[in-house]
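Breakdown of the fold
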Amino acid sequence: QVQLVESGGGLVQAGGSLRLSCAASGRTFSSYAMGWFRQAPGREREVVASISRSGGSTSYADSVKGRFTISRDNAKNTVGLQMNSLKPEDTAVYYCAAVVAVSGLYKSPNQYNYWGQGTQVTVSS
């Protein structure tokens, strides 16, 4: 099992930046593919970005391509999401998630076994 704790959310003006971090417990972090998801009020949870076990492959939702960057440090058991050029429509609760993986990327919330508690990101116009 793995436990996930997100941090770094907050209130920022449009055009600003935030960096989210997710710390994972356990000694087998490199066994997990990781993802960042978000959920706005009244909307379904959606994938923002995903990263493979090694960090060698990444994927982004079209809405955040070129603005967000996902990364991981397997030595420190962390995964990050750098968010630049934030827009009001990026406002949501952001979740870190993990899935035991052989290889590749996982983009559907239904594929993930473990979730953090979420961190609120609010972008004002």
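I will try to describe carefully the structure that is included in this document. All figures in this text were calculated on a predicted structure; none of them were measured in a lab.

Criteria and cut-off values
Residues numbered from 1 in each chain as written. Predicted model: local features only at pLDDT ≥ 70, side-chain atom pairs only at ≥ 80, totals over all residues. Heavy atoms only, no water. Phe/Tyr/Trp six-rings, centres within 6.5 Å; stacked < 30°, edge-to-face > 60°. Lys NZ or Arg CZ within 6 Å of the ring centre and 35° of its normal. Disulfide = S-S within 2.5 Å. Helix = DSSP H or I, 4+ residues; strand = E, 2+ residues; numbered from the N terminus. Buried < 20%, exposed > 50% of the residue type's maximum accessible area, 1.4 Å probe, protein only. Pairing = 2+ DSSP bridges.

Okay, the packing of aromatic side chains next. Evaluation of the coordinates by the stated rule reveals 5 aromatic pairs. Joined through ring pairs, the aromatic side chains of Phe 37, Tyr 95, Tyr 112 and Trp 115 make up one cluster. Sitting above the plane of the Tyr 95 ring, Arg 45 keeps its charged end 3.8 Å from the centroid. Note that Arg 45 overlies the ring of Trp 115, its terminal NZ or CZ placed 4.7 Å from the centroid.

In protein structure, a disulfide is the covalent linkage between the sulfur atoms of two cysteines. This model, assessed by the stated rule, comprises 1 disulfide. Shown here is the disulfide that connects Cys 22 with Cys 96, its sulfur atoms set 2.1 Å apart. Judged by the torsion about the S-S bond (-75°), the Cys 22/Cys 96 disulfide is left-handed. Remark: Cys 96 occurs in strand S9 (residues 92–100) and Cys 22 occurs in strand S3 (residues 18–24); sequence separation between them is 74 residues. Using a relative accessible area of 0% as the deciding quantity, one classes Cys 22 as buried.

What follows concerns the pairing of S9. Burial of S9 is extensive: 7 of the 9 residues sit out of reach of the surface. Inspection of the sheet shows strand S4 (residues 32–39) paired to S9 by 8 bridges, in the antiparallel sense. Within S9, the residue paired with Phe 37 across the bridge is Tyr 95. Both S9 and strand S11 (residues 119–124) contribute to a ladder of 3 bridges, which runs antiparallel. Considered in S11, the bridge of Ala 92 is made with Val 121. Bridge analysis of S9 against strand S10 (residues 114–115) gives 2 bridges, and the strand direction is antiparallel. By the bridge assignment, Ala 97 is partnered in S10 with Trp 115.

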